[in-house]
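Now for the letters of each chain:
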Amino acid sequence: MIPAQFDYVEATSVADAIRLLAEHGDEAKLLAGGHSLIPLMKLRLVTPATLIDVTHIKELSYIKEDGNNIVIGALTRHRDIEQSELVKKHLPLVAHVAGEVGDPQVRNRGTLGGSLVHGDPAADLPAAALATGATMVIAGQNGERRVSAQEFFIDFLETDVQPGEILTAIEFPKHTDAGWAYEKFVRRAMDYAIVGVALQLGAKPGVALVNMSNKPHLAQSASQAISKGAAIADVLAVINDNTNPPEDLNATVEYREHLARVLTQRAFATASK
Amino acid sequence: MSLVGARVLRKEDPNLITGNGQYVDDLQPAGCTSMVFVRSTEAHAKIRSIDTAEALVLPGVLAVWTSANIAQLANCPGGLPGLDQPLLAKDVVRFVGEGVAVVVATDRYIAADAAELIVVDYEPLPAVASLSAAMAPGAVVLHEALGGNTVHFQDFENPLDDVFAAAPRTASLHIVNNRCAPTPIEPNVCLADWGRSGLTLWAAFQAPHHLRNTIAQYFGIPQDSTRVVAPDVGGGFGAKINFVPEFFLTALLSKEIGRPVKYTQTRSECLVAMLHGRAQEHDASVAFDNDGRILALKLSVTQDQGAYPNGTGMGLPVLTTAMAAGCYRIPAVAISWRNVVTNTTPVAAYRGAGRPEASYTIERLIDLIADETGVDPVEVRRRNFIPVDAFPYATHSPLAMYDSGNFAGALDELLKHVKYDELKKEQEKRRQDPAAKLLGIGFASWLEIAGFGPPGSLEAFGHLASWESAQVRIQPDGSAIIFTGASPHGQGTVTTYAQIAADELGIDFDRISVKHGDTAVVPQGIGTMGSRAVAVGGEGVKTASGRVYENAKRIAAHLLEASAEDIVIEDEKFFVKGTPARSVPWSEVAWKSFQPLELPGGMEPGGLDSTVFQQVPNFSFPSGAYCCVVEIDRETGGVNIVNMYLVDDCGTVINPLLVEGQVHGGVAQGIAQALFEHMLYDPSGVPRTSTLMDYLVPAASDLPGYVTGRTNTPNPSNTLGAKGVGESGSVGAPPAVVNAVVDALSHLGVKHIDMPVTPIKVWNILEGAK
Ligand SMILES: Cc1cc2nc3c(=O)[nH]c(=O)nc-3n(C[C@H](O)[C@H](O)[C@H](O)COP(=O)(O)OP(=O)(O)OC[C@H]3O[C@@H](n4cnc5c(N)ncnc54)[C@H](O)[C@@H]3O)c2cc1C
């Protein structure tokens, strides 16, 4: 609960952050809301030599409309997303999920980018990004590149952000007026999900599962079945395809698979209301 | 207007809620240093060697100690001779979290870095992390001196075999009372400064004088220059009445390095190093007739003491077995208990300390009788209650001489709030509808033993005595200061004592302050535990205030040239009854009480100052009736409390706001035990719930609203009539919740579910019934 020694520097712009990343190398970590990184540091599970604080980069905190997309800056806080009229209108799933993260303190500090880059299979927002078909905008010394949410999540706490890179924005295709639901099964309101299901209906449907694999999980077969207009029973039959659920004090594999089915069914019921 | 009984806002709160409280960790005396532990990562191992070389040379490090540095010192006080915990492990570690070494450095970060550099070479030994493992034949023995792992075994005097054989019906349950971690918001914290003028120890503690007495004795130093201060304390729940190695280590290290030494436990340490609670297993049997009347009860308790048994932990099964029969008239009761050591964190008092375990088991048994006989659980309770006219009521235990109660009255009051018949119909309806959530209704008529205590009761736990001190001192301006030995840790004692004193003295509530927690300020004291602060300490405030008031009346009478018997007080003015026009204010009486020329003959100056060592003849017996209504999600197994009705009988209520606060908090902890919290170990003794992500302390959003009600049978052992309410909620809530869950599932043949009732447990039951 007492972190090891580290240096602290503040980045003033994206370019500055990229420069500092290059300067400090592998031993440096970007600090956004700190709500995943600092707990790990306090347990000394992570011991970066330098923290590059990016929270003062104003240009990375915004929500804007860009044609068929809503673009959210990586440093936008969960709370701002939860309350944004623009997000509520065009991406109600994302606004709702942002409001389901932890408790108000967490939502006032944690950032969308931090949650996505952290890549925790038990986190809420990665599932929303997968279900809505978001694209990540990543900047580095060689400029900017775009990666789909599905390719972005690689393994447990591992994403496609390479050393020296920073996630700058997330582009969400609009899902205006489409059905959606988020079902999160927890023992305590502020907990990470034991299992969660993010369901986006409409023209580009998608369903993503929380805490059902070693990484944030897009239920591909189920998503395809939904696009083909399959019956709910057929979606449920494939919802656990390719999952790899963990076993812990709260759940066995069998129980998690059961919950995934139950929550998906409920998500359909909610989404159609 | 009487202040006793009024909803007075807490005097404590303006400071606490604006961040102006002062906890030990807020203190930062000049030159303050920081101590950090290296704690065992092994549940049971020999220590081959400890390499401190790298830590010692880290800049900023002032000392690194292992047991070798304190070889001449006695073990931590409070334990059992020969089985007590060393201040730092000697040769062997016996639980994960046991202190192995300490580092003192100029700041906490350096100390933590140095602690990381210490290398302990362990030779793992087989570990026993559960009662069954510890008692298995051939199990590894924790303490060679003991020969086995049973510390103490008290067999049945008469196992009642004949009664059980002859009874129309019998039923039994094996019950696990889950181990809990007390988890106060403030963990263990202390700060020692041992200089030329003596030792001062600031400690987050519930009984500062008890610590002063012990630490002076331990070091062989005089008490006049040993001072213990418990400033604001952020909760304790019983875990802060036991001595822990850090008190003695910070003191010694301060003497050694000549600077103040502070230790602030981290949350991770708190979960494994602060003493745990509960951790009992019960084998319980009842004999009863076809109408649900109980004929006999037989209870055998096995108490997990953790690695190092202590006096408080050893007392737990004594209290459990004493209260085994609850509110019921049971013709024959047989009790037996066993204390066993395991490679786990030591166990001691935790809110309720032995009584929640008792009420849980007897209330589960009552529901089992209902289930077996088909008699409604409410009716089974009524048929077996000790009637109102049977008090004082002698139980099977000499400890528990019930002095008062109205158990049927509390249940009647409860049923005014609960729409029981409607709920039962609704339950039936929902059972028929596969899409509906299952409904369960659970009752608990609970009784506990509190108000510790009568002479001898706390001495048995190593305390100086069982009275509580109260000093009431009038200042020259007529304001009053109360000094109490019942040092609070969140109870609101400053407010309740001022209310009691305001009524007795006729002094305005706002001109009464309460001082506590500092052995250099408060004459003597015992502490706050066992729901005694009002029942014993508050009674002392009343007694002392009454004595001061009598003397004040004599002075007022002298000034008014009247007789003391005729003097009355109103709005801080003394006057002769019937003639309010001619009066003397309290301020004048107070001022003149210090002036020999103004005093009546024979009265000495300074007479408005009284110190009382309040004794009480018996324990108190708070009781009540709770009802919990749960819904169960048939698909997920999730349990949701929809309503919780709580009728408490704590005798006279000093402040309803504070009583409700205690009930809400205690019930929250009871619900926590029933649904959320469980300190779990794997078979090798590694804690599986060592962070607050796994050890699930519920927050406000996880708890229901409460409907509270009250009955009042005054405590006959004090003049206030107050019984104590600090632990009640944690005694009554667990059985109400679990009874509700079992009721919801009873149509599936479910008789019992061990706590905590997790969704997966319920789901497995529902699946099994398909
Ligand atoms: C008590 C508590 C409860 C919580 N409950 C939940 C919950 O219920 N559900 C949930 O989903 N989450 C929960 N969280 C996690 C929370 O949502 C975190 O805020 C979030 O996961 C991380 O965001 P952050 O801004 O705090 O990132 P940080 O902790 O600052 O960073 C996380 C990681 O991402 C990297 N990083 C951050 N920003 C960028 C960037 N722009 N580019 C590249 N790398 C970057 C950092 O270097 C670090 O490795 C909880 C956290 C706490 C403390």
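Residues numbered from 1 in each chain as written. Chains lettered and ligands numbered in written order. Predicted model: local features only at pLDDT ≥ 70, side-chain atom pairs only at ≥ 80, totals over all residues. Heavy atoms only, no water.

What follows deals with the overall build of chain B. Summing up its helical and strand segments, chain B has 19 helices and 28 strands in all. Compactness check: chain B gives a C-alpha radius of gyration of 28 Å against a globular reference of 27 Å for 770 residues, within 12% of the reference. For chain B, the spread of C-alpha atoms along the principal axes amounts to about 90 × 70 × 50 Å. Counting every position in chain B, which comprises 770 residues, the buried fraction comes to 63%. Taking the intrachain contacts of chain B between residues at least 6 apart in sequence as the baseline, contacts between residues at least 24 apart amount to 79%. Looking at charge distribution, chain B has the averaged site of its 57 positive side-chain charges lying 2 Å from that of its 83 negative ones. (Helix = DSSP H or I, 4+ residues; strand = E, 2+ residues; numbered from the N terminus. Rg over C-alpha atoms; globule rule 2.2 N^0.38 Å. Buried < 20%, exposed > 50% of the residue type's maximum accessible area, 1.4 Å probe, protein only. Contact = heavy atoms within 4.5 Å. Lys, Arg positive; Asp, Glu negative; His and termini not counted. Charge placed at Lys NZ, Arg CZ, Asp CG, Glu CD.)

Scanning chain A from terminus to terminus reveals twelve helices and 14 strands. Counting across all 273 residues of chain A, residues that qualify as buried make up 54%. A sequence separation of at least 24 residues applies to 62% of the contacts in chain A between residues at least 6 apart. Within the structure as shown, chain A displays about 11,600 Å² of accessible surface, and the carbon and sulfur contribution to it stands at 48%. Computing the positive centroid from 25 side-chain charges and the negative centroid from 33, chain A places the two 5 Å apart. (Areas by Shrake-Rupley, 256 points an atom, 1.4 Å probe, with all protein chains shown as cover.)

All names here are of chain B. Position of Gln-305 among the secondary structure elements: in the loop between strand 14 (294–304) and helix 9 (311–322). Side-chain polar atoms of Gln-305 contact the backbone oxygen of Gly-313, separated by 3.0 Å. Ignoring any residue separated from it by four or fewer positions in sequence, one finds Gln-305 in contact with Asn-310, Gly-313, Met-314, Asn-339, Val-340, Val-341, Pro-346 and Val-347. (Polar contact = N/O pair within 3.5 Å; in protein donor to acceptor, adjacent residues only side chain to side chain.)

Contact residues are listed per partner, giving 25 residues for chain A and 31 residues for chain B. Of the roughly 2,400 Å² buried between chain A and chain B, counting both surfaces, carbon and sulfur atoms make up 62%. In this structure, Arg266(A) engages Asp633(B) in a salt bridge whose closest nitrogen and oxygen atoms are separated by 2.9 Å. The interface formed by chain A and chain B holds twelve residue pairs in polar contact (both at pLDDT 80 or more) in total. (Buried area = accessible area lost by both parts, 1.4 Å probe. Salt bridge = Lys/Arg side-chain N within 4 Å of Asp/Glu carboxyl O.)

Once that is clear, we can look at helix 7 (residues 245–257) of chain B. Residue and element names in this part refer to chain B. The end-to-end C-alpha distance of helix 7 is 18 Å, a good match for the 18 Å that 13 residues give at a rise of 1.5 Å each. Most of helix 7 sits out of view: ten of its 13 residues are buried. All of the buried residues along helix 7 are Pro-245, Glu-246, Phe-247, Phe-248, Leu-249, Thr-250, Ala-251, Leu-252, Leu-253 and Ser-254. Following helix 7 by one or two positions, Gly-258 adopts a phi angle in the positive range, close to 70°. (Expected span 1.5 Å × (residues − 1).)

Let us look at the site of the ligand. Residue and element names in this part refer to chain A. With respect to spatial proximity, 28 residues lie near the ligand, and among them Leu-30, Gly-34, Leu-37, Thr-111 and Asp-124 are the closest. One of the backbone nitrogen or oxygen atoms of Ser-115 is found 3.3 Å away from an oxygen atom of the ligand. Its free accessible area being 960 Å², the ligand has 90% of it covered by the protein chains. If you list the elements that add at least two residues to the shell around the ligand, you get strand 2 (28–31), helix 7 (112–118) and strand 10 (166–173). The element that contributes the greatest number of residues to the shell around the ligand is helix 7, accounting for four residues. Partitioned by chemical class, the residues of the shell around the ligand number 13 nonpolar, eleven polar and four charged. (Near = heavy atom within 4 Å. Nonpolar A, V, L, I, M, F, W, Y, C, P; charged D, E, K, R; others polar.)

Take the sheet that holds strand 6 (residues 119–124) of chain B next. Strand-to-strand pairing in sheets goes through backbone hydrogen bonds, with the strands running parallel or antiparallel. Residue and element names in this part refer to chain B. The three strands lie next to each other as 4-2-6, forming an open sheet whose pairing is antiparallel. Taken across any chain shown, the strands that pair with only one partner, and hence form the sheet edges, are strand 4 (92–93) and strand 6. Sheet topology places strand 2 (residues 45–51) next to strand 6; six bridges connect them, and they run antiparallel. Residue pairing in the sheet places Asp-51 in a bridge with Val-119 of strand 6. (Pairing = 2+ DSSP bridges.)

Per-residue confidence for chain B gives a mean pLDDT of 97; residues scoring 70 or more make up 100%. Taken together, the chains of this predicted complex give a pTM of 0.97 and an interface ipTM of 0.96. (pLDDT = per-residue confidence, 0-100.)

All names here are of chain B. The domains assigned to chain B are domain 1 (13–125 + 183–273), domain 2 (280–452 + 618–768) and domain 3 (467–614). In this structure, domain 1 and domain 2 have C-alpha centres spaced 36 Å apart. Contacts between the two partners involve 24 residues from domain 1, matched on the other side by 28 residues from domain 2. Together, the buried faces of domain 1 and domain 2 total about 1,900 Å²; carbon and sulfur atoms form 63% of this surface. Taken together, the connections running from domain 1 to domain 2 amount to zero salt bridges. The tally of links from domain 1 across to domain 2 stands at nine residue pairs in polar contact (both at pLDDT 80 or more). At four residues, helix 8 (residues 267–273) tops the list of elements feeding residues into the side of domain 1 that touches domain 2. Class assignment for the residues of the side of domain 1 that touches domain 2 results in twelve nonpolar, eight polar and four charged. (Domains from an automatic or database assignment.)

Before going further, it helps to examine the pattern of salt bridges. If the charged atoms of two oppositely charged side chains come close together, the side chains can form a pair. Inspection of the entire model under this criterion finds 49 salt bridges over all chains. Between Glu85(A) and Lys88(A) there is a salt bridge; the shortest N-O distance is 3.4 Å. Linking Glu85(A) with Lys88(A), this pair stays in helix 4 (residues 85–90), spanning three residues, or about one helical turn. A salt bridge links Arg710(B) to Glu660(B), with the shortest nitrogen-to-oxygen separation between them at 4.0 Å. With Arg710(B) in strand 28 (residues 706–710) and Glu660(B) in helix 17 (residues 656–676), this pair connects stretches of sequence that are 50 residues apart.

Let's shift gears to helix 6 (residues 208–219) of chain B. Residues and elements named next belong to chain B. In this model, helix 6 (twelve residues) spans 16 Å end to end at C-alpha, consistent with the 16 Å of a helix rising 1.5 Å per residue. In terms of burial, helix 6 is a largely internal element, eleven of the twelve residues being buried. Within helix 6, the full set of buried residues consists of Pro-208, His-209, His-210, Leu-211, Arg-212, Asn-213, Thr-214, Ile-215, Ala-216, Tyr-218 and Phe-219. Elements in contact with the buried residues of helix 6: strand 9 (189–195), strand 10 (198–203), strand 11 (226–229) and helix 7. Immediately downstream of helix 6, the backbone of Gly-220 shows phi near 65°, a positive value.

A few words on the environment of Tyr420(B). Residue and element names in this part refer to chain B. Mapped onto the secondary structure, Tyr-420 falls in helix 13 (residues 420–432). Residue class for Tyr-420 comes out buried when judged on its relative accessible area of 12%. As a C-alpha pair, Tyr-420 and Cys-627 span 207 residues in sequence and 9.8 Å in three-dimensional space. Setting aside chain neighbours within four positions, we find Tyr-420 in contact with Asp-376, Pro-377, Val-378, Leu-415, Ile-441 and Phe-443.

On to the nonpolar core, then. All names here are of chain B. Formed by 107 residues in total, the largest nonpolar core has its most connected members in Tyr-402, Leu-414, Met-644, Val-667, Ile-671 and Leu-745. Examining the composition of this core, we find that ten residues originate from one element, helix 18 (residues 728–745), more than from any other. Looking at this core, you find at least three residues from each of domain 2 (280–452 + 618–768) and domain 3 (467–614). Once you skip the residues sitting within four places of it in the chain, Leu-745 turns out to touch Leu-438, Ile-632, Val-750, Ile-753, Val-762, Ile-765 and Leu-766. (Core = buried A, V, L, I, M, F, W, Y, C linked by side-chain atoms within 4.5 Å.)

Residues and elements named next belong to chain B. Two numbers describe how helix 10 (residues 355–373) lies on helix 11 (residues 377–384): the axes approach to 8 Å, and their chain directions differ by 115°. Considered as vectors, helix 10 and helix 11 are oriented roughly perpendicular to each other. In this structure, helix 10 meets helix 11 at a crossing whose hand is right-handed. Only Pro-377, Val-380 and Arg-381 of helix 11 make contact with helix 10, whose side of the interface consists of Glu-363, Ile-366, Asp-367, Ile-369 and Ala-370. (Axes fitted to C-alpha atoms, helices over the stretch in contact; angles between N-to-C directions. Parallel < 35°, antiparallel > 145°, perpendicular 65-115°, else oblique. Left-handed = near helix turned anticlockwise from the far one by under 90°.)

Before going further, it helps to spend a moment on the pairing of strand 2 of chain B. Summarising the sheet, strand 2 of chain B and strand 4 of chain B pair through two bridges and their orientation is antiparallel. Bridge assignment links Lys46(B) to a residue of strand 4 of chain B, and that residue is Val92(B).

Let us now look at unusual backbone geometry. Residue and element names in this part refer to chain B. Of note, the bond from Phe-391 into Pro-392 is cis; its omega dihedral lies within 30 degrees of zero at -5°. Of note, the amide linkage connecting Phe-452 to Gly-453 takes the cis form, showing an omega dihedral of -10°. Structurally, Gly-453 can be placed in the loop between strand 18 (438–447) and strand 19 (468–474). Unusually for a residue other than glycine, Thr-183 sits at a positive phi of about 50°. Relative to the elements of secondary structure, Thr-183 occurs in the loop between strand 8 (169–177) and strand 9. A relative accessible area of 16% means that Thr-183 is categorised as buried. One non-glycine residue with positive phi stands out, namely Phe-237, at about 55°.

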